[in-house]
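Spelled out from the first residue to the last, the chains are:
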Amino acid sequence: MCGIIGIYNHPRAADLAVLGLFAEQHRGQESCGIAVNNSKIIKLRKKIGLVKDVFPEDKISALHGKIAIGHVRYPTRGISAVENSQPHIVETLSGPSYALASNGDILNYKQIRAELEQNGVYFASFNDGELLLKFIVFHVEKNGLSIPEAIKLLMKNVKGAYSTVLSTKTKMYLFRDPLAIRPMCYGKTKDGSYAVASESCALDILYMEWIKEVQAAQIIEIDEDKVSVFSTKETQKNIFTKHCIFEHIYFSRPDSFIFGENVFHVRKKIGKILAQNDDFDPDIVVPVPDSANFIALGYAREKNLPYEMGLIRNHYVGRTFIKPEQTIRDESVYQKFNPLPHFFQDKKVALIDDSIVRGTTLRKIVKLVRHAGAKEIHLRIGSPPVKHSCYYGIDTPTRQELIANEKDSNTICKYLKADSLKYLTIKQLQQAVQDPQNYCYACFNGEYPIK
Ligand code: SF4
């Protein structure tokens, strides 16, 4: 999971890109970067670290230009190193220059890279964003295709998830894979600037006048005051999309609008459905903050029970699931959560979480809550058991590391040391979204939409 941003036709494009990346920091905390096009050259700054550290004011002011694209990375393909961070750029001797940032992952990466290398294309990283950029530049510069034609060719040949922004010296292009797996939207300001982002929360803070989602297999070209939309065979076929359902459950911010729905609304519905299928009545309902907050709210409202923020989260510790190494992940759980003093004493608690991946974090949280005096702890999970890995831009662990891959619900409950454990079923989860057939559920059922 990564976050992208693109700003077009704004005198302070880099400032806006930094603001957008701040809003998307939850999508990746390993590295970040911005490429600014000033109609002569591209200036690029990318480093390992958080947006606030990589882009202090003096560094932003050095990035002049009216077109900027940016990226926050959460590593999937390629090790944690600055060369694997994004954006990637290509500057050609004849003048054209290109910068690209993408969110997703490419399944046939090796094959496409080998084909390009056979044609003399050089790679500096193992990142999928570089592959997309080199594919497009090769077909534009060597084969004479227009950029939209090269992107259409890419959509025919490159398999995977890619919500992508590409800039040249004068234009910006947005495109999304035919299954629209990862979110992507764009908008316009009153003064004629455009912005694109992974999530609408990043556009909200830039005061976009209207916001639209980039459609599956759509290519959008933004040029001065003109927006051209190119349909591809895939968009014309009106095929089903396969949006990542986990964006609603966990990844996206609750104030974002993705896949035609508000994330907070879907999460509340998940909680409501969880409560409707649960005959247990606890004393209090407590979320594991933050991603389970709205799920717990929906659950508590449906059962007319007190909703309490009994666990306090330290926001200055990164998201546990997206830290790359297990040792770092383990240590950060205790730094991250603290129970309210005397709060849990002798209470029957419904502890709500969005999902269980390895179970290591939740086990420690259960221990914390028990230690704080809870009489009973009943875990209610806003998703089905995660049994399969993701290959579309999320670094879920291998199947062997997924606790639900080998263990049934009772065994997991014992491992977590809870008094009961209840998951949502896939059918119940499908009731929480408007168009359930348009989603990928592969990490629950192993039915991968692209192989
Ligand atoms: S496998 Fe899971 S995490 Fe990956 S795209 Fe599908 S639903 Fe999302």
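Residues numbered from 1 in each chain as written. Predicted model: local features only at pLDDT ≥ 70, side-chain atom pairs only at ≥ 80, totals over all residues. Heavy atoms only, no water.

Another point: the overall build of the protein chain. For the protein chain, the count of helices and strands is 17 helices and 23 strands. The C-alpha radius of gyration computed for the protein chain amounts to 22 Å, which stays within 12% of the reference 22 Å derived for 451 residues, consistent with globular compactness. A principal-axis box enclosing the C-alpha atoms of the protein chain has dimensions of 75 × 45 × 40 Å. A total of 451 residues make up the protein chain; the buried ones form 60% of that total. Put simply, the protein chain shows about 18,600 Å² of open surface, and 51% of that area lies on carbon and sulfur atoms. (Helix = DSSP H or I, 4+ residues; strand = E, 2+ residues; numbered from the N terminus. Rg over C-alpha atoms; globule rule 2.2 N^0.38 Å. Buried < 20%, exposed > 50% of the residue type's maximum accessible area, 1.4 Å probe, protein only. Areas by Shrake-Rupley, 256 points an atom, 1.4 Å probe, with all protein chains shown as cover.)

Reading across the sheet, the 7 strands line up as β3-β2-β4-β1-β10-β9-β11 and stay open at both edges, with antiparallel pairing between neighbours. The sheet is open, and its two borders are formed by β3 (42–48) and β11 (210–213), each paired with just one other strand. Neighbour-to-neighbour, the strand axes of the sheet open up by a mean angle of 10°, direction not taken into account. Relative to strand β10 (residues 194–197), strand β9 (residues 185–188) runs antiparallel, the two being bridged by 4 bridges. Paired with Tyr186 across the strands is Val196, a residue of β10. (Pairing = 2+ DSSP bridges. Axes fitted to C-alpha atoms, helices over the stretch in contact; angles between N-to-C directions.)

This paragraph deals with the sheet that holds strand β7 (residues 160–167). Working definition: the strands of a sheet are paired by backbone hydrogen bonds and lie parallel or antiparallel to each other. The 6 strands lie next to each other as β5-β6-β7-β8-β12-β13, forming an open sheet whose pairing is antiparallel. In the strand order of this sheet, the two ends are held by β5 (88–91) and β13 (226–230), each with one partner. Strand-to-strand twist of the sheet, defined as the mean angle between neighbouring strand axes without regard to direction, takes the value 20°. Direction of pairing for β5 relative to strand β6 (residues 97–106): antiparallel, over a ladder of 4 bridges. Residue pairing in the sheet places Glu91 in a bridge with Ser97 of β6. Across the sheet, helix α5 (residues 128–141) is in contact with β5, β6, β7 and β8 (171–176); its angle to β6 comes to roughly 135°. Its contacts with the sheet place helix α6 (residues 147–157) against β6, β7, β8, β12 (219–223) and β13, and it is angled at close to 20° to β8. (Contact = heavy atoms within 4.5 Å.)

On to the site of the ligand. By nearness alone, every residue bordering the ligand is listed as Arg182, Cys244, Ile245, Cys390, Tyr392, Ile394, Cys440, Ala442 and Cys443. When grouped by side-chain class, the residues that make up the shell around the ligand number 8 nonpolar, no polar and 1 charged. (Near = heavy atom within 4 Å. Nonpolar A, V, L, I, M, F, W, Y, C, P; charged D, E, K, R; others polar.)

Neither face of strand β17 (residues 284–287) is open: one carries Ile284 and Val286, the other Val285 and Pro287, and all of them are buried. In this structure, β17 lies alongside strand β20 (residues 348–353), joined through 4 bridges in parallel fashion. Bridging across to β20, Pro287 finds its partner in Ile352.

Before going further, it helps to examine the packing of aromatic side chains. For the coordinates displayed, the defined rule picks out 10 aromatic pairs. Their ring planes at 90° and their centres at 5.1 Å tell us that Phe343 and Phe344 sit as a pair that is edge-to-face. Accessibility expressed as a relative area gives 14% for Phe343, which makes it buried. Residue classification places Phe344 among the buried residues on the basis of a relative accessible area of 0%. Among the aromatic residues, ring-to-ring pairing joins Phe246, Tyr250, Phe251 and Phe444 into one connected group. Residue placement shows Lys347 over the ring face of Phe343; its charged tip is 5.0 Å from the ring centre. (Phe/Tyr/Trp six-rings, centres within 6.5 Å; stacked < 30°, edge-to-face > 60°. Lys NZ or Arg CZ within 6 Å of the ring centre and 35° of its normal.)

The subject of this paragraph is the nonpolar core. Formed by 45 residues in total, the largest nonpolar core has its most connected members in Phe246 and Phe444. Secondary-structure elements contributing two or more residues to this core are α9 (245–251), α10 (263–276), α11 (293–303), β20, β23 (439–440) and α17 (442–445). The element contributing the most residues to this core is α10, with 6 residues. For this core, the two domains that each supply at least three residues are domain 1 (3–241) and domain 2 (267–434). Excluding residues within four positions of it along the chain, Phe444 makes contact with Ile245, Phe246, Ile249, Ser383, Pro384, Pro385, Val386, Lys387, His388, Ile426 and Leu429. (Core = buried A, V, L, I, M, F, W, Y, C linked by side-chain atoms within 4.5 Å. Domains from an automatic or database assignment.)

We now examine the domain arrangement of the protein chain. Domain boundaries in the protein chain define domain 1 (3–241) and domain 2 (267–434). Placing a centre on the C-alpha atoms of domain 1 and another on those of domain 2 gives a separation of 34 Å. Facing 12 residues of domain 1, the contacting portion of domain 2 comprises 10 residues. Summed over both sides, the interface between domain 1 and domain 2 buries roughly 1,000 Å², with carbon and sulfur atoms accounting for 61% of that surface. (Buried area = accessible area lost by both parts, 1.4 Å probe.)

Next up on the list: empty space enclosed by the protein. Counted by the stated rule, this structure contains 2 cavities of 30 Å³ or more. In this model, the largest cavity occupies a volume close to 110 Å³. Lining the largest cavity are 14 residues, and of these Arg182, Cys244, Cys390, Cys440 and Cys443 sit closest to its centre. At the level of secondary structure, the elements contributing two or more residues to the lining of the largest cavity comprise α9 and α17. In terms of residue count, α9 provides more of the lining of the largest cavity than any other element does, 3 residues in total. Of the residues in the lining of the largest cavity, the class split is 12 nonpolar, 1 polar and 1 charged. Considering the residues around the second largest cavity, the lining is formed by Cys2, Arg73, Tyr74, Pro75, Thr76, Arg77, Gln86, Ser102, Asn103, Gly104, Asn127 and Asp128. With 3 residues, the top contributor of residues to the lining of the second largest cavity is β6. Of the residues that constitute the lining of the second largest cavity, the class distribution is 3 nonpolar, 6 polar and 3 charged. (1 Å grid on protein atoms, 1.4 Å probe; cavity = no way out; pocket = protein on both sides within 12 Å on 5 of 7 lines; lining within 4 Å. Points joined across faces, edges and corners; volume = space filled by probe spheres on them.)

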